[in-house]
Amino acid sequence: MTITDLAKLINTSTQNLSNKLKRDDFKMSELREIAGALEVVFETYFIMEDGTKI
């Protein structure tokens, strides 16, 4: 999938998405939206030293 294809799926411009990718600057809500467009699960958590996920 191209950046243009993904940008269309999430209703943003190719330039805006490209800039965010370059800066690695996404809000959690944007990551969830991208995951939804890609039909994948987005999970976020901290992993403790003992391997526990919170």
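Procedures and definitions
- Residues numbered from 1 in each chain as written.
- Predicted model: local features only at pLDDT ≥ 70, side-chain atom pairs only at ≥ 80, totals over all residues.
- Heavy atoms only, no water.
- Core = buried A, V, L, I, M, F, W, Y, C linked by side-chain atoms within 4.5 Å.
- Buried < 20%, exposed > 50% of the residue type's maximum accessible area, 1.4 Å probe, protein only.
- Contact = heavy atoms within 4.5 Å.
- Helix = DSSP H or I, 4+ residues; strand = E, 2+ residues; numbered from the N terminus.
- Arc of directions from axis to C-beta.
- Patch = residues over 30% accessible without salt bridge, like charges linked within 9 Å, V, L, I, M, F, W, Y side chains within 5 Å.
- Areas by Shrake-Rupley, 256 points an atom, 1.4 Å probe, with all protein chains shown as cover.
- Salt bridge = Lys/Arg side-chain N within 4 Å of Asp/Glu carboxyl O.

Undergrad: It is not clear to me how the nonpolar core should be interpreted in this structure. Could you clarify?
TA: Across soluble globular proteins, nonpolar side chains have a tendency to be buried as a group. Residues Leu 6, Ala 7, Ile 10, Leu 17 and Ile 34 constitute the largest nonpolar core, which totals 5 residues. If we skip the residues at most four places from it in the chain, Ala 7 touches Thr 12, Ser 13, Thr 14 and Leu 17.

Undergrad: Would you mind showing me how to read helix H3 (residues 28-38) here?
TA: Helical geometry: 3.6 residues make up each α-helical turn, so side chains three or four residues apart lie on a common side. Those residues of H3 that sit buried are Glu 30, Ile 34 and Ala 35. Along the long axis of H3, the arc covered by the buried residues comes to 140°, so they all point the same way. Buried positions along H3 lie against helix H1 (3-9) and helix H2 (14-23). One or two positions beyond H3, positive phi appears at Glu 39, with a value near 60°.

Undergrad: Teacher, can you tell me more about a nonpolar patch on the surface here?
TA: Residues Met 1, Leu 9, Leu 38 and Val 40 make up a contiguous nonpolar surface patch of about 400 Å² in total accessible area. Positionally, Val 40 belongs in the segment after H3. You can call Val 40 partly exposed: its relative accessible area is 47%.

Undergrad: I tried to follow unusual backbone geometry on my own but got confused; where do I start?
TA: Trans is the prevailing form of peptide bonds, just as negative phi is the prevailing case for residues other than glycine. One non-glycine residue, Asp 24, adopts positive backbone phi at about 55°. Take Asp 24: it is sitting in the loop between H2 and H3. With a relative accessible area of 65%, Asp 24 lands in the exposed category.

Undergrad: Please explain the environment of Phe 42 as it appears in this structure.
TA: Locating Phe 42 in the fold gives a position in the segment after H3. Sequence separation between Phe 42 and Leu 17 is 25 residues; the distance between their C-alpha atoms is 18 Å. Ignoring sequence-local partners within four residues, the contact set of Phe 42 consists of Met 28, Leu 31, Arg 32 and Ala 35.

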